[in-house]
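Architecture at a glance
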Amino acid sequence: MATLKRNDPCLCGSGKKYKKCCLVKLQAKPRFDEKDQLAFNELLPRVFDYSKKFDQQLQPVYERYVQSLERLPKADAQAFSQLIFHWMLFNYPMVDGNETILSDYVKKQGSSYSEKFQQFLQEWLALEPKLFHVTSSDDKNMAIYDVFQETSLTLEKTPASANLTEGDRLIGYLYPTPTGHSLGNDAIGIPQKLEQSFLTHLNEMKSLSETKTNEQEWFTSHFHEALDVLSLLTISGKELQAEERLNDSSKQVLNLLKEKLDWSVFTFDRFLKAKVTWIAYTKEHSPRIQKPEAFSAALEYWIGKQTEGSGGLSQKTVSEKYSVSPGTVSSKYKSIR
Ligand SMILES: [Zn+2]
């Protein structure tokens, strides 16, 4: 297959020739001398090293976030946890509440770099996890569409992106390099059969969070939860997609639960797990639902039981919240658990 030439139309879809579009963006970069090139090669290892200083803070949070990945196939779990780790370096506000590991590193060590490299570091400070759509692809190049920023970019393929084809969706980082940008080998592909469900759940999750920010900011700050959703879809995608086929009263059970859960305490993945459990239960038992509240209450109690010591309510409290008797909560809980 022919690879992109200077006079070809740019893959990003701008309608301009490649040499007047994304290639210019590449060539506009000042070239690195040997010292800056070395600094670039060593940048990530140094930031990793620097992060060890914060291990005591970082480790428990990281472990909590990767816990839900346990049920993924091993290779997937590794990819997901690598992405979470990078997110914790670049976007997780940790040092003094608002600095990230990376921004703290740049603050403390930045002056040891050349001026050119310090400018380059500013691009790194702007790193955010992205949702991409591959819009065009050949052997050597591809164009990716940034779903939140609504921009396209033609990139040279790297070994990590060699197999991507048109129509693929990805989440991950687009790393600044001395010669442009490169899709990280930590990017994760979203299988096409899960894509719609992923976006639907992302929207559902967003509608529940109180912070009103733009989509990219929201995605950046809730990235670990977005990965949780994707991992749950990977494991239980079939069940979750069966949600549409639930009857009205079964749907009402989920809606009530969603309405009543304290979202300042519960995370979306816990709600999703309850959903999976509920869908599996209705499929197997086709329960007669006279009072949806009874099942919603039992599900809320179930969620609390799943993650003891973090927001779970007693049977009595749950029963009061949903105006059903504690005995009802107990018996429905026993049947669904
Ligand atoms: Zn272009």
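In this text, all values refer to a predicted model and were calculated from it rather than measured experimentally.

What follows deals with the domain arrangement of the protein. Segmenting the protein into domains produces domain 1 (18–190) and domain 2 (194–336). Between the C-alpha centres of domain 1 and domain 2 there is a distance of 33 Å. Each side of the interface is counted separately: domain 1 has 22 residues, and domain 2 has 20 residues. Regarding the contact of domain 1 and domain 2, the summed buried area is about 2,100 Å², with carbon and sulfur atoms giving 73% of it. Summed over the shared surface of domain 1 and domain 2, the number is 1 salt bridge. Two residues, Glu195 and Arg169, come together in a salt bridge whose shortest N-O distance is 2.8 Å. Secondary-structure elements contributing two or more residues to the side of domain 1 that touches domain 2 are helix H4 (74–90), strand E1 (130–137), strand E4 (169–172) and strand E7 (188–190). At 5 residues, the largest contribution of residues to the side of domain 1 that touches domain 2 is made by H4.

Ligation of the zinc ion by protein atoms is provided by Cys10 (SG), Cys12 (SG), Cys21 (SG) and Cys22 (SG), these donors lying 2.3 to 2.4 Å from the ion. Because the angles between the 4 donor atoms bound to the zinc ion fall within 104 to 117°, the donor set is best described as tetrahedral. Donor residues for the zinc ion sit on one chain with the sequence pattern C-x1-C-x8-C-C. Placement of Cys10 in the segment before helix H1 (22–27) and of Cys21 in the segment before H1 is noted, with a sequence separation of 11 residues between them. Judged on exposure class, the residue Cys10 and its partner Cys21 are both buried.

Quick look at the pairing of E4 now. Of the two faces of E4, the one carrying Arg169 and Ile171 and the one carrying Leu170 and Gly172 are both buried. In this sheet, E4 lies alongside E1 in antiparallel orientation, the contact comprising 4 bridges. Pairing of Leu131 across the sheet is with Ile171, part of E4. Where E4 and E7 come together, 3 bridges link them in antiparallel fashion.

The next point concerns the packing of helix H2 (residues 34–51) against helix H6 (residues 115–125). It is at 10 Å that the axes of H2 and H6 come closest, and there the two elements cross at 30°. In this structure, the crossing between H2 and H6 has a hand that is right-handed. Between H2 and H6, the contacting residues are Asp36, Ala39, Phe40, Leu43 and Leu44 on the first element and Lys116, Phe117, Phe120, Leu121 and Trp124 on the second.

According to the stated counting rule, one finds 12 salt bridges in the structure shown. A salt bridge links Asp104 to Lys108; its shortest N-O distance comes to 3.1 Å. Residue Asp104 and its partner Lys108 are both found in helix H5 (residues 101–109); the two are separated by 4 residues, about one turn of the helix. When its relative accessible area of 2% is taken as the criterion, Asp104 is described as buried. For Glu204, the salt bridge goes to Lys258, with nearest N and O atoms at 2.8 Å. Of this pair, Glu204 sits in helix H7 (residues 192–208) while Lys258 sits in helix H10 (residues 248–260), and the two are 54 residues apart along the sequence.

For the coordinates displayed, the defined rule picks out 25 aromatic pairs. With a centroid separation of 5.7 Å and 65° between ring planes, the pair formed by Tyr50 and Phe54 is classed as edge-to-face. Centroid distance Trp278 to Phe295: 5.1 Å. Interplanar angle 50°. Geometry classified as tilted. On the criterion of sequence distance, the pair formed by Trp278 in helix H11 (residues 268–285) and Phe295 in helix H12 (residues 292–306) is long-range, its members being 17 residues apart. Note on accessibility: Trp278 and Phe295 belong to one class, buried. Each member of the aromatic cluster is reached from another via a ring pair, and the members are Phe32, Phe40, Tyr113, Phe117 and Phe120.

A word on the sheet that holds E4. Strand order across the open sheet formed by 5 strands is E3-E2-E1-E4-E7, with antiparallel pairing between neighbours. Bordering the open sheet on either side are strand E3 (151–156) and E7, each of which pairs with just one other strand. Within the sheet, the average angular offset between the axes of one strand and its neighbour, ignoring direction, is 35°. Lying over the sheet, H7 contacts E1, E4 and E7, oriented at roughly 85° with respect to E7.

Right, let's get into unusual backbone geometry. The backbone phi angle of Ser286 is positive, close to 35°, even though this residue is not glycine. Among the secondary structure elements, Ser286 is positioned in the loop between H11 and H12. Ser286 sits in the exposed class, given a relative accessible area of 57%. With phi around 50°, Ser323 is a residue other than glycine that occupies positive phi space. Structurally, Ser323 is set in the loop between helix H13 (315–321) and helix H14 (326–336). Judged by its relative accessible area of 56%, Ser323 falls in the exposed class.

Each value, and the rule that gives it
- Residues numbered from 1 in each chain as written.
- Predicted model: local features only at pLDDT ≥ 70, side-chain atom pairs only at ≥ 80, totals over all residues.
- Heavy atoms only, no water.
- Domains from an automatic or database assignment.
- Contact = heavy atoms within 4.5 Å.
- Buried area = accessible area lost by both parts, 1.4 Å probe.
- Salt bridge = Lys/Arg side-chain N within 4 Å of Asp/Glu carboxyl O.
- Helix = DSSP H or I, 4+ residues; strand = E, 2+ residues; numbered from the N terminus.
- Donors = N, O, S within 2.8 Å, 3.2 Å for Na, K, Ca; no water.
- Tetrahedral: all angles 85-135°; square planar, octahedral: opposite > 155°, others 65-115°.
- Buried < 20%, exposed > 50% of the residue type's maximum accessible area, 1.4 Å probe, protein only.
- Pairing = 2+ DSSP bridges.
- Axes fitted to C-alpha atoms, helices over the stretch in contact; angles between N-to-C directions.
- Left-handed = near helix turned anticlockwise from the far one by under 90°.
- Phe/Tyr/Trp six-rings, centres within 6.5 Å; stacked < 30°, edge-to-face > 60°.

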